[in-house]
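These are the residues of each chain, in order.
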Amino acid sequence: MIAKISSGKDTAGLIRYLFDTTKAKDHTDPHLVASWDGFAPDPGRTDDFTATRKLLVADLDLRVKQARRLGRAPERHVWHCSLRAATTDRHLSDEEWADIARRVVAATGIAPQDDPDGCRWVAVRHAPDHIHIAATKVRGDLRTARHWNDYLTADRELATIEKEYGLFQVVRGDRTAAKRTSRAEQEKARRQGPSKPARERLRAIVRTAVAATTSTEEFVRLLSLTDGVLVEVVYFPSGDMRGYKVASEDNTTAGKGPVWYSGSELAPDLSFPKIRARLEATDPQPTIQPGRRRPNPWHQATAATERIPRHLTGNDDRASQAHLAAFGEALDALPLLAPAAIRAQLREAASAFERATRSRVQAEHHHARALRGAVRAMLREPAPRDGTALAMFLDAAILVAIAATRWHQLRHHDQQVAAAQQTLLHLQAAYDQAAAAPLTALVQRRPPQQTVDRHIRHIRRAVPEHAEQVLKDPAVAALTAALAEAEALGHDPERLLRQAADQRALDDARSPARTLAWRMRRLGARPVPSARARASQARSAARPDGAPQHHSTPAHVAAAVPPPPRARRR
């Protein structure tokens with residue numbers, strides 16, 4: 001059940017609307033179901049409608065007029081609350097709606113229970129699925145009602161009512177969601193033709209600009225260069241940037257020009273101070289020394305994304321929130337790098353996950369510097385043509401969406417849970433399209449059966465807890481092909497497989513063989529470690545008591561590494 005609350009100045013106008021049956025098509029049988037004393041005149045149940053309506057307005061406004069003589073009446077003295085049931089709910093009786101109305105006015109402070117001086121109010125039902133509560137805000141003692149945070153208090157009471165009445169339980173938020181577009185904005189967009197209202201389009205554009213830039217100056221410049229977007233920068237008297245406003249060229253008001261939105265009006269995390277904090281927590285791109293190979297930003301971004309589920313299982317909620325926000329930025333940037341066939345799915349994924357990037361937990365953005373820096377680097381280089389890098393990233397992104405769902409569930413962030421679940425559907429659809437061609441090409445390079453059998457033994461030794469599941473996976477052919485490629489480049493396939501398995505849990509993967517294959521492709525692209533480096537890794541993998549860990553060096557590698565030279569005595 002959903003409540004919508006507003007204030008106004010005209011009691012007569014509101015009552016006229018609630019009992020109108022000509023202009024409003026859903027007003028089929030307007031009548032009172034409850035009132036402040038149970039004896040209010042009901043225009044819907046009388047032969048003299050006009051006279052009874054005037055009498056009802058006079059009764060509601062009685063205390064307002066008394067307070068006005070004393071100069072104590074509020075200017076906006078009308079309180080209006082509509083309560084609507086879900087379409088799947090059963091039709092409630094008049095008595096049930098009356099009980100709900102009494103509980104809501106009591107919870108919001110309009111007419112507290114057992115308070116003889118509560119405000120005057122009526123509940124009007126003119127359709128099967130909802131009622132309207134009309135009240136005047138002046139109490140019997142001529143003081144103004146204390147109804148602060150009435151939306152929240154009404155929402156809490158409605159959550160209890162839903163459980164008691166067996167109604168659909170609405171997914172409730174924590175007041176961190178972006179402001180919804182109004183009906184007027186939606187109607188205006190429908191008349192003008194764009195697919196989405198200006199507020200939603202500008203929100204997506206600004207989020208993409210944040211994901212693609214590294215400084216506030218670059219952010220403003222990129223927005224200014226976007227077709228159809230107007231930008232206005234606000235400065236302090238000192239000349240420092242204070243904020244920004246954006247407008248769409250096709251969204252104007254007659255005689256007033258463009259409709260401007262500040263960043264905070266688009267979304268809570270798009271205010272200028274919050275954007276600046278995120279941009280400052282971005283790793284600068286390292287200077288590449290002559291002769292050294294530039295790191296692959298797609299691999300860096302994928303590696304950073306693979307670490308997010310592990311971060312979300314930790315105890316630092318602020319760090320976890322930062323990783324979710326950075327992942328949301330990566331999704332915002334991804335449509336700019338993807339082929340046209342899957343851009344729509346990726347935009348839907350980014351739009352859905354936008355809600356999952358915010359909660360009451362304050363993010364400490366410096367924890368996610370690596371992912372932000374890698375995403376910016378990805379945008380500054382041409383995207384790989386074969387689609388392998390995108391498929392790798394999407395494979396990691398799917399597990400982040402699953403981990404984000406679990407993280408928000410544990411904290412009872414209902415809206416964020418729904419957003420992460422919706423994101424998962426879009427990411428899986430995009431992955432299935434993006435990975436088809438690279439996987440087919442990889443399987444076509446499958447090695448001879450003798451090599452496959454050897455790599456199957458590597459799989460059984462490296463990931464014994466997942467071996468049977470991996471070997472039954474249809475994508476095991478792609479995994480053995482990836483192992484053969486890594487071995488051909490000089491890597492120890494079993495060691496690399498252990499490393500790939502340890503980077504991220506495989507329990508949530510739809511296809512563990514496919515996930516391992518992508519990791520093998522990414523890890524195999526790294527330079528082959530020298531014999532001395534492998535010996536160092538083997539020594540560091542040993543426990544302090546001398547017992548080898550799970551990552552111990554295979555015997556054939558250890559035998560090939562010469563022992564370190566003994567120190568000479570002086």
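Residues numbered from 1 in each chain as written. Predicted model: local features only at pLDDT ≥ 70, side-chain atom pairs only at ≥ 80, totals over all residues. Heavy atoms only, no water.

(A) Region of the structure containing the overall build of the chain. Within the chain, the regular secondary structure consists of 22 helices and 10 strands. A compact globule built from 570 residues should have a C-alpha radius of gyration of about 25 Å, whereas the chain, at 31 Å, is more than 25% larger. Within the chain, the proportion of its 570 residues that are buried is 50%. Accessible surface for the chain amounts to roughly 29200 Å². Of this, 50% is attributable to carbon and sulfur atoms. Each charge class in the chain was averaged separately, 88 positive and 66 negative side chains, and the resulting centres sit 7 Å apart. (Helix = DSSP H or I, 4+ residues; strand = E, 2+ residues; numbered from the N terminus. Rg over C-alpha atoms; globule rule 2.2 N^0.38 Å. Buried < 20%, exposed > 50% of the residue type's maximum accessible area, 1.4 Å probe, protein only. Areas by Shrake-Rupley, 256 points an atom, 1.4 Å probe, with all protein chains shown as cover. Lys, Arg positive; Asp, Glu negative; His and termini not counted. Charge placed at Lys NZ, Arg CZ, Asp CG, Glu CD.)

(B) Quick peek at the side chain of Ser248. Within the fold, Ser248 resides in strand E7 (residues 241-248). Its relative accessible area of 4% is what places Ser248 among the buried residues. Within the structure, the side chain of Ser248 is placed 3.4 Å from the side chain of Arg201, a separation counted as a polar contact. Among all residues touching Ser248, those that are not within four sequence positions of it are Ala198, Arg201, Leu202 and Gly228. (Polar contact = N/O pair within 3.5 Å; in protein donor to acceptor, adjacent residues only side chain to side chain. Contact = heavy atoms within 4.5 Å.)

(C) Here's a closer look at the packing of aromatic side chains. Tallied over the full model, the rule gives three aromatic pairs. Both rings, one in Phe327 and one in Phe353, keep their centres 5.1 Å apart while their planes meet at 90 degrees; by these two values the pair is edge-to-face. Of this pair, Phe327 sits in helix H11 (residues 317-333) while Phe353 sits in helix H12 (residues 340-353), and the two are 26 residues apart along the sequence. Taking the relative accessible area as the measure of exposure, Phe353 reaches 1% and is therefore buried. (Phe/Tyr/Trp six-rings, centres within 6.5 Å; stacked < 30°, edge-to-face > 60°.)

(D) Inspection of the pattern of salt bridges at higher detail. Evaluation of the coordinates by the stated rule reveals 38 salt bridges. In this structure, Arg103 engages Glu157 in a salt bridge whose closest nitrogen and oxygen atoms are separated by 2.9 Å. In this pair, Arg103 sits in helix H3 (residues 94-108) while Glu157 sits in helix H4 (residues 150-165), placing the two residues 54 residues apart along the sequence. Each member of the pair, Arg103 as well as Glu157, is classed as buried. Put simply, Arg521 and Glu485 hold a salt bridge, and the shortest N to O gap is 3.2 Å. Here Arg521 is found in helix H20 (residues 512-524), whereas its partner Glu485 is found in helix H18 (residues 476-488), with 36 residues between them in sequence. (Salt bridge = Lys/Arg side-chain N within 4 Å of Asp/Glu carboxyl O.)

(E) The sheet that holds strand E3 (residues 78-84), seen in detail. Spatial strand order, E1-E3-E5-E4-E2: five strands in an open sheet with antiparallel pairing. Whereas interior strands pair on both sides, the edge strands pair on one side only; in this sheet they are strand E1 (2-8) and strand E2 (31-35). Averaged over neighbouring strand pairs, the angle between their axes works out to 20 degrees when direction is ignored. Examined bridge by bridge, E1 and E3 share seven bridges and lie antiparallel to one another. Residue Gly8 lies in a different strand from E3, and its bridge partner there is Val78. Helix-sheet contacts for helix H2 (residues 49-69) involve strand E4 (121-127) and strand E5 (130-136), and the interaxial angle to E5 is about 45 degrees. Sheet strands in contact with H4 are E1 and E3, and its direction is about 155 degrees off that of E1. (Pairing = 2+ DSSP bridges. Axes fitted to C-alpha atoms, helices over the stretch in contact; angles between N-to-C directions.)

(F) Fine view of H2. Between the first and last C-alpha of H2 there are 29 Å, a value that for 21 residues agrees with the 30 Å anticipated at 1.5 Å per step. At Asp61, H2 shows its maximal kink, close to 45 degrees. Taken as a whole, H2 has its buried residues at Thr52, Arg53, Leu56, Val57, Leu60, Asp61, Arg63, Val64 and Ala67. Close packing links the buried residues of H2 with helix H1 (11-18), E4 and E5. Following H2 by one or two positions, Gly71 has its phi on the positive side, about 75 degrees. (Expected span 1.5 Å × (residues − 1). Bend = angle between axes of the 7 residues up to and from the residue.)

(G) Here's a closer look at the packing of helix H10 (residues 297-312) against helix H13 (residues 369-379). Between H10 and H13, whose axes approach to 8 Å, the crossing angle comes to 150 degrees. Judged by the inter-axis angle, H10 sits roughly antiparallel to H13. Of the two elements, H10 crosses H13, and the hand of that crossing is left-handed. Together, Pro297, Trp298, Gln300, Ala301, Ala304, Thr305, Arg307 and Ile308 of H10 and Ala370, Leu371, Ala374, Ala377 and Met378 of H13 make up the contact between the two elements. (Parallel < 35°, antiparallel > 145°, perpendicular 65-115°, else oblique. Left-handed = near helix turned anticlockwise from the far one by under 90°.)

(H) Representation of unusual backbone geometry within the structure. Residue Arg175 is not a glycine yet carries a positive backbone phi of 65 degrees. Take Arg175: it is sitting in the loop between H4 and helix H5 (183-192). You will see that His412, though not glycine, has its phi angle at about 60 degrees, which is positive.

(I) Highlighting the confidence of the model for the chain. Residues with a pLDDT of 70 or more make up 90% of the chain, whose mean pLDDT is 88. Helix H22 (residues 555-560) is the least confidently modelled element of the chain, averaging 35 in pLDDT, while H3 averages 97, the highest of any element. (pLDDT = per-residue confidence, 0-100.)

(J) Structural view of the sheet that holds strand E6 (residues 229-235). Strand order in the open sheet formed by three strands is E6-E7-E10, with antiparallel pairing between adjacent strands. The sheet is open, and its two borders are formed by E6 and strand E10 (261-262), each paired with just one other strand. Bridging between E7 and E10 involves two bridges; their strand directions are antiparallel. Within E10, the residue paired with Lys245 across the bridge is Ser262. Its contacts with the sheet put helix H7 (residues 216-224) on E6 and E7, and the angle it makes with E6 is roughly 150 degrees.

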